[in-house]
Amino acid sequence: MTVGRDYMLKKTTGPSAPKFFIDTQIVPRLVNAVGRGEVLLDRSAVRLGVRPSVLAAGTACVMAVLLLGIPRGRRGTLGDA
């Protein structure tokens, strides 16, 4: 792609409204939430005396089990039909 000499003349001023909203509202909130999670993980790891990676892996496994619903009770046996 080549940029012509009057590119800056044709360029709009500032970002579009959706990009501006995402950059000023959503991204900062996501970054703050991730930062809070990191601080919580670090403090929990220090308090429990385990490595943060082990704590994060355990939490991810528990969340996966809860979301997927793996520990469901038996619905019946083959002889119930």
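Residues numbered from 1 in each chain as written. Predicted model: local features only at pLDDT ≥ 70, side-chain atom pairs only at ≥ 80, totals over all residues. Heavy atoms only, no water.

Trainee: Is there a simple way to think about the overall build of the protein in this case?
Mentor: Counting its secondary structure elements, the protein contains 3 helices and 0 strands. Looking at the protein as a whole, 4% of its 81 residues are labelled buried. Total accessible area computed for the protein in this model is approximately 7800 Å², and 64% of it derives from carbon and sulfur atoms. (Helix = DSSP H or I, 4+ residues; strand = E, 2+ residues; numbered from the N terminus. Buried < 20%, exposed > 50% of the residue type's maximum accessible area, 1.4 Å probe, protein only. Areas by Shrake-Rupley, 256 points an atom, 1.4 Å probe, with all protein chains shown as cover.)

Trainee: When you look at helix α3 (residues 52–68) in this model, what are you seeing that I'm missing?
Mentor: Structural remark: α-helix, 3.6 residues per turn; residues separated by three or four positions point the same way. Taking 1.5 Å per residue as the helical rise, α3 with its 17 residues ought to reach 24 Å, and the 24 Å between its terminal C-alpha atoms agrees with that figure. Immediately downstream of α3, the backbone of G69 shows phi near 70 degrees, a positive value. (Expected span 1.5 Å × (residues − 1).)

Trainee: Can you walk me through a nonpolar patch on the surface in this structure?
Mentor: Residues F21, I22, I26, V27, L30 and V31 make up a contiguous nonpolar surface patch of about 530 Å² in total accessible area. Residue position: I22 is located in helix α2 (residues 17–48). You can call I22 partly exposed: its relative accessible area is 40%. (Patch = residues over 30% accessible without salt bridge, like charges linked within 9 Å, V, L, I, M, F, W, Y side chains within 5 Å. Salt bridge = Lys/Arg side-chain N within 4 Å of Asp/Glu carboxyl O.)

Trainee: When you look at the packing of α2 against α3 in this model, what are you seeing that I'm missing?
Mentor: For any two helices packed against each other, one specifies the inter-axial angle together with the distance between the axes. Relative orientation of the contacting elements α2 and α3 amounts to 110 degrees, with a least axis distance of 9 Å. Judged by the inter-axis angle, α2 sits roughly perpendicular to α3. Judged by residue contacts, L41, S44, A45 and L48 of α2 engage P52, L55 and A56 from α3. Class assignment for the residues of the contact of α2 with α3 results in 6 nonpolar, 1 polar and no charged. (Axes fitted to C-alpha atoms, helices over the stretch in contact; angles between N-to-C directions. Parallel < 35°, antiparallel > 145°, perpendicular 65-115°, else oblique. Contact = heavy atoms within 4.5 Å. Nonpolar A, V, L, I, M, F, W, Y, C, P; charged D, E, K, R; others polar.)

Trainee: I'm lost on the pattern of salt bridges in this one. Help?
Mentor: Between side chains of opposite charge, a pair can form when the charged atoms approach closely. Applying the stated criterion across every chain yields a total of 1 salt bridge. Two residues, K19 and D23, come together in a salt bridge whose shortest N-O distance is 2.6 Å. With K19 and D23 both in helix α2 and 4 residues apart, this pair spans about one turn of that helix.

It is worth stressing that arrangement in space is one thing and function is another; only the former is reported here.
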